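Secondary and tertiary structure notes
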Amino acid sequence: MGTGIIGTGVSGLYAAQLGLQTTEHNIANANTPGYTRQRTIQTSTSGLLTGAGFLGQGTQVATIERVYSRFLTEQVVGSQSSASELDSYYAQVRQIDNLLADPKAGLSPALQDFFDGVAQLAANPADLPSRQAMISTAQALSARYRALGDQLAQMNDGINGEIRASVADINSYAEQIASLNEQIGLAQAASGQPANDLLDSRDQLILELNKVIRAKTTSNSDGSVNVFIGSGQQLVVGSQAVGLATISSPADPSRLVVALKSVAGTQEMPEKLLNGGALGGLLAFRSESLDRASRDLGRNAASLALTFNAQSALGQDLFGRSLLSPAGFTPELFSVPAPAVIANANNPAGSPPVSATFVTPPFSGNFYTDLGKSDYRLTSDGNNATLTRLSDDKQWSGANLAAVNSALSADPQGFTLAPADPADPAPPAGASYLIQPTRDTARNLSVNPVLAADPRLIPAAGPIRTAAAANNTGAATISAASVGQGYTAAVQTLSAQPPTPISIEYQAGNLLGFPAGVGVSIDGHAPQPIAAPTDTVAYTSGATITIVGSAPPSGVSFSIAGLPNNGDKFSIDLNPAAVADGRNALALGQLQIQDTMSGKTASFQEAYAQLVSETGSKTRQLQVTSDAQQAILAQAQSSRESLSGVNLDEEAANLIRYQQAYQAAAKAMQIGASLFDTILQIAAG
C-alpha cells in the first residue's frame, strides 16, 4: 500500500514539476517574438486490477505542446506580407509625390518663368537683354527638367540597391529555415515529441520572410516544411535552400531583376510573380509609378522642346536669316536626345544596331506631338519585324523597319525607326530591342549652346510680311502673315533663289495674282488649284487664305478684310531686317496655352498637372489602403495572441496551481512514507 501511495505521489510530483517549468518557460518568453505559449498534456496512468477493481497508479505527462493554430498563423503571415508590400510602395511613391508637387522645386514654376521670358521677348524683340533673359529662363527650365529626371534616376538606382538587400535577406531566411528543418527533423525523430521552440523559431523566420516576399509553405512527414514563392517556385525543400539572385536585365542593363538559382544557372523571374512583402512593393512601385513618372516627365520635356523647335524654324533671327537663307540659321533652342534603343543582351550574334528618331511635330493650327506614355519592344522572326507597345500590346509589323515605319504613319507614335544597314533587312530571328522614347529625355535636355552664346540668333520675327498698296482706294486691310508646317516643307525643297514678291489684286469680287502651280485654301477648305496668275479666287472678307504648294509661299496664311475697290493690291514678300518684329515670338508664347501634347489633347502645364494628380491620387490610395491593411494585420495578430500568446495573469495563476499540486503530491508521499514506517515498526515488534 505504501509503495502505491509513494509511486502515485512521485508521478504527481513530477507532473507538477513539469507544469511549473513549462509555466516558467512561458513567463520567461512572454516578450519573445514568435513565441507560442506551451502547456503540458497530462494523462492518467493505467489502473492496477485488484479485487476491488482497478486501482489508479497516478499520472503522466504525455507531451508538452504549443497552443498553436495553423489557420491563425497563416492569417498573420498573409496579412503581414500584404502590409509590408503596401508600406514599401507607399514609402517610395510618397517621394515622387513630394518631388513633383513641390510648389518651388516642381516643374510648374519653371515652365511659367520660361514662357514669361518668351512673352518679354515678344514685347521687345530688338532688346538684347530681353533675348538674354529668355535664354536664361530656357536654361533654368532645362536644368529643372534635368534635376527632376536625375532624382527619378537616382530613385531607380536606390531601388536596385534595395532589391539586392531584399534578395540577400530572402536567401538568409531560406538558409535558416532549411537549417531548422534539419534540426527539427533530427530532434523529433530522436524523441518522438514536437520540438516546440525550434518550431516557433521556424514560424518566426517564415513570418520575417513574408515581410520581404509572399511565401507559401507545405508540411512534410518528418516535420520539415517546403517554402514556395511566385507561382510555385521552390525556395526551400526540406533541408535544402534554393535561393535567389539579382542580375541585370538582358533587355535593360540599368534595371536589376530577380532570378531563381538552379543547377543550370539563374533564370529571370517575371516581376508579376514576385508579389507581396517589401520586395513586391518595390517592384510594383518601379513598374507602375517610377517608370511612368520618368516616361511622362520625359514626354513633357520632349513635347516642349520639339514643338518649340518646330515653331522656331518658322521664324527669322535678328540678322534676317530664316529657312530661306539657311546659311548660319540655327532655330533650335533646345537640344533633344534621340529615343533610346537598347539591344537585348541575348540577341543572336551579328544582330544589327537599331536607332530611333523623333518625327517632326505635325501642324494643325499649331504644332503638336503624338508621343505616348509607353515603352516599346521591337522583335523579329527573321522574316518580319514587329513593334509592340508594351502598355497595351498593340503591334505594327512589316518585312523591314521601313515597312514598320509605314504602318506607324497611319497610327503615329512620335518616332520612327532607322536601321544601321541601308539595305534594311529584318533583324535576325530572335533579335529584340527595347525602345524608350522619353524615359531619359528630361535628364538629358539642354539649351542649344549656339543660341545660348548669341541670343541674336533667336528667330523671334516672322519671315514673311504683307502690305496693302499705298495707292489702294478701298477700305480693305491685310493681316500679318503667319507660316505653318507647309512653309517648312516648301523651303526644304527650294533649290533656286527665293521667290519674287506676290501681288494679289482685287477685281469684281475675286482675288487674282496667285502663283501658278499652287492651291488656295479658304478657311481650311480643300484648296482651289491655280493654273495661271489670272485664275481667280472668290473674295470673302476676313476669311483665312492659305497658300498650298511645293515651294514658297506655300504654307503662308493671311486674311483680307473690309471693302476693297477694283484694282486694289496686296503684297506678300520676304521680311528682311525685321528688327522690331516679334510675331514668331508671339507664336512661341502661344504654345503655353495650346494643346500640344497627346495628339492635341493637353498643354504642357495640363499634362504635368495630370502627372502630379495621378501620382497624388496613387499616394493617397496607398496611404488609405496601407492603413486598412495595418488594421487587418493588427486584428489577425490579436486573434493569434489571444490563443497562442502568453498571458502573465494566467501564468501566475498556473504557478499557484502547480505549486499547490506539487505540495499536495509531496504531502501524499510523506503520508505514504509514514504509513510504511509504521508497518515496519509493527513487523519489527
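Heads up: the structure comes first, above all this text.
What comes next concerns the included structure. (Residues numbered from 1 in each chain as written. Predicted model: local features only at pLDDT ≥ 70, side-chain atom pairs only at ≥ 80, totals over all residues. Heavy atoms only, no water.)

Turning our attention to the layout of surface pockets. Of the pockets and cavities examined, the largest pocket occupies roughly 730 Å³. In this structure, the largest pocket is lined by 23 residues; those nearest its centre are Arg255, Ser287, Asp291, Arg377 and Leu390. Those elements giving two or more residues to the lining of the largest pocket turn out to be helix H6 (277-312) and strand S19 (432-436). Broken down by element, the lining of the largest pocket gets its largest block of residues, three residues, from H6. Looking at side-chain class alone, the lining of the largest pocket contains seven nonpolar, five polar and eleven charged residues. Estimates place the volume of the second largest pocket at around 600 Å³. (1 Å grid on protein atoms, 1.4 Å probe; cavity = no way out; pocket = protein on both sides within 12 Å on 5 of 7 lines; lining within 4 Å. Points joined across faces, edges and corners; volume = space filled by probe spheres on them. Helix = DSSP H or I, 4+ residues; strand = E, 2+ residues; numbered from the N terminus. Nonpolar A, V, L, I, M, F, W, Y, C, P; charged D, E, K, R; others polar.)

Turning to its location among the elements, Gln80 is positioned in helix H2 (residues 70-101). Accessibility expressed as a relative area gives 11% for Gln80, which makes it buried. Those residues in contact with Gln80, other than ones at most four positions away along the chain, are Leu207, Asn210, Lys211, Leu633 and Gln637. (Buried < 20%, exposed > 50% of the residue type's maximum accessible area, 1.4 Å probe, protein only. Contact = heavy atoms within 4.5 Å.)

Ranked by internal contacts, the top residues of the largest apolar core, which has 81 residues, are Phe114, Tyr145 and Leu333. Broken down by element, the residue count for this core peaks at 17 residues, all from helix H4 (residues 128-191). In this structure, Leu333 is in contact with Phe114, Met134, Ile135, Ala138, Phe308, Asn309, Ser446, Val447, Asn448 and Leu451, ignoring residues within four places of it in sequence. Of all hydrophobic cores here, the second largest spans 29 residues; its members include Ala310, Leu511, Ala543 and Ile547. (Core = buried A, V, L, I, M, F, W, Y, C linked by side-chain atoms within 4.5 Å.)

Now for the pattern of salt bridges. Enumeration according to the criterion identifies 22 salt bridges in this entry. One salt bridge in this structure joins Asp200 and Arg66, with 2.8 Å as the shortest N-O distance. One end of the pair, Asp200, is in helix H5 (residues 196-212); the other, Arg66, is in strand S4 (residues 59-66), with 134 residues separating them in the sequence. By relative accessible area, Arg66 is classed as buried at 14%. Connected through salt bridges with shared partners, the residues Arg255, Glu271, Arg286, Asp291 and Arg439 form a single ionic network. (Salt bridge = Lys/Arg side-chain N within 4 Å of Asp/Glu carboxyl O.)

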